[in-house]
Amino acid sequence: MLRFVLRRLALIVPTFLGVTLLAFALIHLIPGDPVENVSGERGMDPARRARLMHEFGLDRPLAVQYASYVGQVLRGDLGSSLTTHESVAHEFATLFPATVELATFALLFALAVGLPAGVIAAVKRNTPADYAVMGVSLTGYSMPIFWWALLLILFFSVHLGWTPVSGRIAVQYDVPALTGFMLLDTLLAGDAAAFRSALSHLVLPTIALGTIPLAVIARMTRSAMLEVLREDFVRAARAKGLPRWRVIVVHALRNALIPVVTVVGLQVGLLLSGAILTETIFSWPGVGNWLIHGVQSRDYPVVQGGILLIAAIVIVVNLVVDMLYGVINPRIRHG
Amino acid sequence: MVPASRLAEFWRAFAQSRGALTGLALVVALVALALGADVVAPHSPIEQFRDFTLAPPFWDNGGSLRFALGTDAVGRDILSRLIHGTRLSLLIGTISVSISLTLGCILGLFAGYFRGLVDTAIMRLMDVMLALPSLLLAIAVVAILGPGLINAMYAIAIVLLPHYVRLMRAAVIAEAGREYVTSSRIAGAGALRLMFSTILPNCAAPLIVQATLGFSNAILDAAALGFLGLGAQPPTPEWGAMLASALEFIQRAPWVVTSPGLAILVTVLAFNLTGDGLRDALDPKLRRSAA
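Values in this document were obtained by computation on a predicted structure and should not be read as measured data.

1. Comments concerning the overall build of chain B
Item 1. Looking only at helices and strands, chain B has 12 helices and 0 strands in total.
Item 2. N-terminal to C-terminal, the α/β element order of chain B is α-α-α-α-α-α-α-α-α-α-α-α.
Item 3. Taken along the three principal axes of its C-alpha coordinates, chain B extends 75 × 45 × 30 Å.
Item 4. Classification of the 291 residues of chain B by burial places 48% in the buried group.
Item 5. Summarising the internal contacts of chain B: among those between residues at least 6 apart in sequence, 69% fall at separations of at least 24.

2. What to know about the overall build of chain A
Item 1. Of the regular secondary structure elements, chain A holds 14 helices and 0 strands.
Item 2. Order of helices (α) and strands (β) in chain A, N terminus to C terminus: α-α-α-α-α-α-α-α-α-α-α-α-α-α.
Item 3. Overall, the C-alpha framework of chain A stretches about 90 × 55 × 40 Å when taken along its three principal axes.
Item 4. When the 335 residues of chain A are sorted by exposure, 38% land in the buried category.
Item 5. Put simply, of all contacts in chain A between residues at least 6 apart along the chain, 72% involve residues at least 24 apart.

3. Some thoughts on helix α8 (residues 179-186) of chain B
Side chains three or four residues apart in an α-helix point the same way, a direct result of the helix having 3.6 residues per turn.
Item 1. When you tally the buried positions in α8(B), you get 0 out of 8 residues, a small fraction of the element.
Item 2. Two residues or fewer past α8(B), B:G188 is found with a positive phi of approximately 100 degrees.

4. With respect to the nonpolar core
Item 1. Of all hydrophobic cores here, the largest spans 161 residues; its most connected members are A:F146, A:A149, B:L136, B:A138 and B:I156.
Item 2. The element that contributes the greatest number of residues to this core is helix α5 (residues 88-123) of chain A, accounting for 16 residues.
Item 3. Residues in contact with B:A138, not counting those within four places in the same chain, are B:A155, B:I156, B:V159, B:D221 and B:L225.
Item 4. Counting 6 residues, the second largest nonpolar core, distinct from the first, contains A:I169, A:M182, A:A194 and A:A198.

5. Topic: the confidence of the model for chain B
Residues and elements named next belong to chain B.
Item 1. In this model, chain B carries an average pLDDT of 87, and 96% of its residues clear a pLDDT of 70 or more.
Item 2. Summarising per-element confidence for chain B, the mean pLDDT is lowest in helix α1 (residues 4-15) (82) and highest in helix α4 (residues 78-114) (93).
Item 3. Every residue in residues 286-291 is under pLDDT 50, and counting partners more than four places away or in other chains gives 12 contacts.
Item 4. This complex was scored by the predictor with a pTM of 0.87 and an ipTM of 0.85.

6. As for the packing of helix α6 (residues 128-141) of chain A against helix α9 (residues 192-229) of chain A
All names here are of chain A.
Item 1. For the pair α6 and α9, interaxial distance at closest approach is 8 Å and the crossing angle is 140 degrees. With respect to their mutual orientation, α6 and α9 come out oblique. Considering how the two elements wind past one another, α6 and α9 form a crossing that is left-handed. Each of V133, S137, G140 and Y141 in α6 lies in contact with α9, whose residues at this interface are T211, I212, L214, A215, V216, A218 and R219.

7. Examining the interface of chain A and chain B
Item 1. Facing 40 residues of chain A, the contacting portion of chain B comprises 36 residues.
Item 2. When contributions to the side of chain A that touches chain B are tallied by element, the ones reaching two or more residues are α1 (2-29), α6, α7 (145-159), α9, α11 (244-282), α12 (287-296) and α13 (300-328) of chain A.
Item 3. A total of 8 residues in the side of chain A that touches chain B trace back to one element, the largest contributor, which is α11(A).
Item 4. Split into classes, the residues belonging to the side of chain A that touches chain B amount to 30 nonpolar, 9 polar and 1 charged.

8. Comments concerning the packing of α11(A) against helix α6 (residues 134-145) of chain B
Item 1. Where α11(A) meets α6(B), the closest approach of the two axes is 7 Å, and the angle between their N-to-C directions is 60 degrees. Taken together, the axis directions place α11(A) and α6(B) in an arrangement best described as oblique. In this structure, α11(A) uses A:L272, A:S273 and A:I276 to contact α6(B), whose residues at the interface are B:S134, B:L135 and B:L136.
Item 2. Counted by class, the contact of α11(A) with α6(B) contains 4 nonpolar, 2 polar and no charged residues.

9. Regarding helix α3 (residues 46-55) of chain A
Item 1. Little of α3(A) sits out of view: just 0 of its 10 residues are buried.
Item 2. Where α3(A) ends, the next residue or the one after it, A:G57, has phi of about 75 degrees, a positive value.

10. Observations regarding unusual backbone geometry
Item 1. The amide bond that connects B:P234 to the next residue, B:P235, takes the cis arrangement and shows omega of 5 degrees.
Item 2. Tracing the backbone through its elements, the reader meets B:P235 in the loop between α10 (204-227) and α11 (239-246).
Item 3. Positioned with a positive phi, A:H85 is a non-glycine residue whose angle comes to about 60 degrees.
Item 4. As for its placement among the helices and strands, A:H85 is situated in the loop between α4 (62-74) and α5.
Item 5. The backbone phi angle of A:S283 is positive, close to 45 degrees, even though this residue is not glycine.
Item 6. By the secondary structure assignment, A:S283 is in the loop between α11 and α12.

11. Digging into the environment of B:F67
Residue and element names in this part refer to chain B.
Item 1. Secondary-structure assignment places F67 in the loop between α3 (37-40) and α4.
Item 2. Sequence separation of F67 and L109 is 42 residues, and the distance between their C-alpha atoms is 51 Å.
Item 3. Ignoring sequence-local partners within four residues, the contact set of F67 consists of F52, A55 and D77.

12. Focus on the confidence of the model for chain A
Reading predicted coordinates in detail is not appropriate for stretches of low pLDDT.
Item 1. Of all residues in chain A, 93% attain a pLDDT of 70 or more, and the chain-wide mean is 84.
Item 2. Ranking the helices and strands of chain A by mean pLDDT puts α5(A) first, with 93, and helix α14 (residues 330-333) of chain A last, with 60.

13. Digging into the environment of B:A170
Item 1. Topologically, B:A170 is positioned in helix α7 (residues 149-176).
Item 2. With 61 residues separating them along the chain, B:A170 and B:L109 place their C-alpha atoms 9.2 Å apart.

The rules behind each value
Residues numbered from 1 in each chain as written. Chains lettered and ligands numbered in written order. Predicted model: local features only at pLDDT ≥ 70, side-chain atom pairs only at ≥ 80, totals over all residues. Helix = DSSP H or I, 4+ residues; strand = E, 2+ residues; numbered from the N terminus. Buried ≥ 20, exposed ≤ 12 C-beta atoms within 10 Å, placed from the backbone. Contact = placed C-beta atoms within 7 Å. Core = buried A, V, L, I, M, F, W, Y, C linked by C-beta atoms within 7 Å. pLDDT = per-residue confidence, 0-100. Axes fitted to C-alpha atoms, helices over the stretch in contact; angles between N-to-C directions. Parallel < 35°, antiparallel > 145°, perpendicular 65-115°, else oblique. Left-handed = near helix turned anticlockwise from the far one by under 90°. Nonpolar A, V, L, I, M, F, W, Y, C, P; charged D, E, K, R; others polar.

Rendered as structure tokens:
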């Protein structure tokens, strides 16, 4: 097991270096250089320009610049935003809990609906229930989620007036940000009305973001269940006279979960991609929204740092999923 | 060449699935619509009928068949814009998938055929690209190249690339040890000939499936980029950009928002259905990788 873990750890080092290279290239491939971007339209005289280039270290060879960039990254220094002049790492850390909160709820929603739907579709194979689940799942899988989010807003917020249109909590509540997770913070503050407000703000973004993972999980669960239901041990459990639900839930589902766990792990990247769109539409103050603003306002340290951090998180999560998978399924570990 | 009997066999397998047939019919219809956009569309996609801004669709009060799906905020006919948008979306799909498929085949062939250092270098690079969520990678590329329709296509081609490389590499590794490859090598075929004319045609099935599914990803991502203002720029009738510019009218005129999204959904669904059908028909073994 230790060898397996070490091998996987060794493999992520080049990947991570590659990501830093990409982030580094991002700044150097954009038209114009940082000094030009600072000076604006009017330009500046060559002497001042040379001094600034030297100050920023831009007159050194690229390899040296890259090495010093990696050094900075390892020290946790990602530069500061051109618009707010705050440290990029600090801004990311402040906004990240909002994204995590949204992504967690979206994943829970996807699991809570997707797993049972997949099981029902497999058990009731080739019935209207199966066709309905598969039809909805295929539609969900093909859904442009920014449009789906708009439809949800149109129906639930505008037409029915049940949920708020955007944001994380109504403006009148001022809750101290202890954890950064709004639901926890409102609970810790003991403010029930604020908690309800935060919860109602979370509903639509959760559904919008959770729809594609839901579709993927339902499809995967169905095909894994169909596979397992054909196995001899399931027939044996049936023959033993166990109740049908017990065979399905305890014997079949447990074995079908292994591929599903992998799929869930792979959703993290998808969730973060989706979070960019979802957060933009619902004005959700998370890292996706922040990153898009960074791109639109050409705030390159934000774009560079944001991409680097999100990639790092995806790499680490994939590693953890890989290891968990190795724990669940020994065949992988020795493969 | 594929013998006619195998083609017939493939068609029988494909036609078994009603979903696949529906998908294919939709794809054919969309292609026809895209090709004939100039003839089919009732109006020009950019002509502004200033007296008819935000006209409702024909089934609503005050709607007329002249603007069957209504008009947008500057009086452009939505139906005509959607029809011309089909052309754009299919073009985006075709171009980005072609770039990606070509590059992916070449890289995958080299990685799988030569193995060793070439393989490691190519696959590490692909791992880096896969570490970034797809939309984020596309945004990073657009941040470098600048927003616009053409750059969005490049960005999507880059995002799709690792999938083709991996697929191609795995297929090449599986095929390279086969007897027909060995016999061709003994007959004196060079590396390039072995790679491109001996091995490549035998790896076509999974690539065709992936390319079809790649179309739907390309169309979705292009629409997302357009929606974020990083893809096609107004007044281009691209569906995602149409949605973005309609946002402020969502309460007053919901139809400006509903129809472009529906167009995206139907197109993506059509390609997904076709891709699933192709996968099932071409290679039953691949069915398990359905996710």
